[in-house]
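Structural features, examined
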Amino acid sequence: MKKVCIFKPRLDIGFKSAEESECNDSPKPFKQLPPIRQHWARFVNELKDYHHRKGDDVKIVELPRFKIKKNLVEKENADITYIPHFEKKDFGGNDSCVYYHQTVFPSLFTLDSKGFAGGSEYSEKSIDFTKWDDGGKTFELYKKRADSLISKYEYKSVKWKNPYKKESESPFLILVPFQLPDDYVIKNHSKILVDEFILKLTRFAHRYGSSRNFRLVIKHHPQDTKFKIDKILKQVFKQNTFNNMVFVDKDVNIHSVLEQVDAVYLINSGVGIEAMLHDIPIIRFGDADYNCVIPKGNIDELESVLKTVKILRHKNENMKVAYRCFYNWFINNICFDSNNGEKYD
């Protein structure tokens, strides 16, 4: 029997402190628990039940996420300690700590000894594709989800009207999903920041979009309620006039865009995992869950990156196999399903 301590973040308030949120007020309770937070509650319950079935002694400690500190871990002195929404390098926990985090699929959580996404131990691993080839079974299960326009965020039922659809020779369309500039994964899992990413991509498109026959499809982040991206864009466009790009509103469903583009450029957004379901080439410019399957591009060599995705768009059988193996590996080996904890018994 092991002593297990699960630190559960309070779900009725934000995860960030006033200082982290860059505001003066303490987090205010939600009037109603958002659906995406309800998965956290189920995850903790399933994890607790999983350890009970193993005969372990389980304790749940519920606190505001920003009040969970390593001294509390030491006080509990458990054999296994589950820490939410942190990474070891920041939290400083001992070897008993396992860090859990919600994925782009809200019911699935990763468990890792170092952190999550591009800061995790699993993101440093390579996949033996022969071991994880399940014939696309897992991939197809999640493909149905994408075909039904189901995503992490509850988009309004708005579909993208492709302005290039009626052109006789449609340009090569590259989706660029914006990320929030102050997002943890941008600050900690990428050497390139959002403003540099935007500036270099838009400059390249302005200069070469017509001659290379490509366009950028720039999608606003669904949670950009403070228009942080708009502020960056205004700074960019203040000095330059850019062509060869179109902007997509944050309320437009991401899958309705993905099904109409030819490739995706992103830093390390969760959109990368969803984009695989559409069998299109993806280039990342930072580190993410999908390091092992998505090639990393150089923001200063965009001509070479463009040639790569154009080739992959048409010669993509190996890419498709890799996507399907990744899904089996990630969903069934890395993640814990908060809807079905018994499958891990």
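Further up the page is the structure itself.
The sections below set out a description of the structure shown in this document. Fair warning: this is a prediction, and the values are worked out from it, not measured in the lab.

Quick notes on the environment of Ile294
With respect to the helices, strands and loops of the structure, Ile294 is situated in the loop between β10 (282–284) and α10 (302–314). Residue classification places Ile294 among the buried positions, given a relative accessible area of 2%. Among all residues touching Ile294, those that are not within four sequence positions of it are Met276, Ile282, Ile283, Arg284 and Tyr323.

Description of unusual backbone geometry
The phi angle at Leu149 is positive, at roughly 60°, despite the residue not being glycine. By secondary structure assignment, the location of Leu149 is in the loop between α4 (137–147) and β6 (172–177). One non-glycine residue, Asp279, adopts positive backbone phi at about 55°. Its location among the elements puts Asp279 in the loop between α9 (271–276) and β10.

What about the layout of surface pockets?
In this structure, the second largest pocket occupies an estimated 370 Å³ of space. Elements represented by at least two residues in the lining of the second largest pocket include exactly α1 (35–53), β3 (80–84), β5 (108–112), α11 (317–334) and β11 (335–337). Counted by class, the lining of the second largest pocket contains 10 nonpolar, four polar and six charged residues.

Brief notes about empty space enclosed by the protein
Taken as a whole and assessed by the stated rule, the structure comprises one cavity of 30 Å³ or more. Put simply, the largest cavity is a space of about 30 Å³. Surrounding the largest cavity, Val176, Phe178, Phe197, Ile198, Leu201, Thr202, Leu216 and Ile218 form its lining. Breaking the lining of the largest cavity down by element, the ones donating at least two residues are α6 (194–208) and β7 (214–219). Sorting elements by how many residues they give to the lining of the largest cavity places α6 first, with four residues. In terms of residue class, the lining of the largest cavity is built from seven nonpolar, one polar and no charged.

Things to note about the sheet that holds strand β4 (residues 97–102)
Sheet strands associate in pairs through backbone hydrogen bonding, adopting either a parallel or an antiparallel arrangement. The sheet built from six strands is open, its strands ordered β2-β1-β3-β4-β5-β11 with mixed pairing. The open sheet is flanked by β2 (57–63) and β11, the only strands paired with a single partner. Recorded for the sheet is a direction-independent mean angle of 25° between the axes of neighbouring strands. In this structure, β3 lies alongside β4, joined through four bridges in parallel fashion.

Observations concerning the packing of aromatic side chains
Going through the model one piece at a time under the given rule, you end up with 23 aromatic pairs. The interplanar angle of 25° and the centroid separation of 4.5 Å between the aromatic rings of Phe43 and Phe109 together place this pair among those described as stacked. Here Phe109 lies in strand β5 and Phe43 lies in helix α1, a separation of 66 residues in the sequence. The residues Phe43 and Phe109 share a single accessibility class, namely buried. Members of the aromatic cluster, each reached through a chain of ring pairs, are Phe105, Tyr122, Phe139, Tyr142, Phe326, Tyr327, Trp329 and Phe330. Above the ring of Phe15, the side-chain terminus of Arg37 is found at 3.9 Å from the ring centroid. Taking NZ or CZ as reference, Arg65 lies 4.0 Å from the ring centre of Phe86, over its face.

Concerning the sheet that holds β10
Strand order across the open sheet formed by five strands is β8-β7-β6-β9-β10, with parallel pairing between neighbours. If you trace the sheet from one side to the other, it starts and ends with β8 (245–248) and β10, each paired once. Taking the axes of each pair of neighbouring strands and ignoring which way they run, one obtains an average angle of 20° across the sheet. Pairing geometry for β7 and β8, over four bridges, is parallel. Its bridge partner lying in β8, Leu216 is registered against Met245.

Basis of the calculations
- Residues numbered from 1 in each chain as written.
- Predicted model: local features only at pLDDT ≥ 70, side-chain atom pairs only at ≥ 80, totals over all residues.
- Heavy atoms only, no water.
- Helix = DSSP H or I, 4+ residues; strand = E, 2+ residues; numbered from the N terminus.
- Buried < 20%, exposed > 50% of the residue type's maximum accessible area, 1.4 Å probe, protein only.
- Contact = heavy atoms within 4.5 Å.
- 1 Å grid on protein atoms, 1.4 Å probe; cavity = no way out; pocket = protein on both sides within 12 Å on 5 of 7 lines; lining within 4 Å.
- Points joined across faces, edges and corners; volume = space filled by probe spheres on them.
- Nonpolar A, V, L, I, M, F, W, Y, C, P; charged D, E, K, R; others polar.
- Pairing = 2+ DSSP bridges.
- Axes fitted to C-alpha atoms, helices over the stretch in contact; angles between N-to-C directions.
- Phe/Tyr/Trp six-rings, centres within 6.5 Å; stacked < 30°, edge-to-face > 60°.
- Lys NZ or Arg CZ within 6 Å of the ring centre and 35° of its normal.

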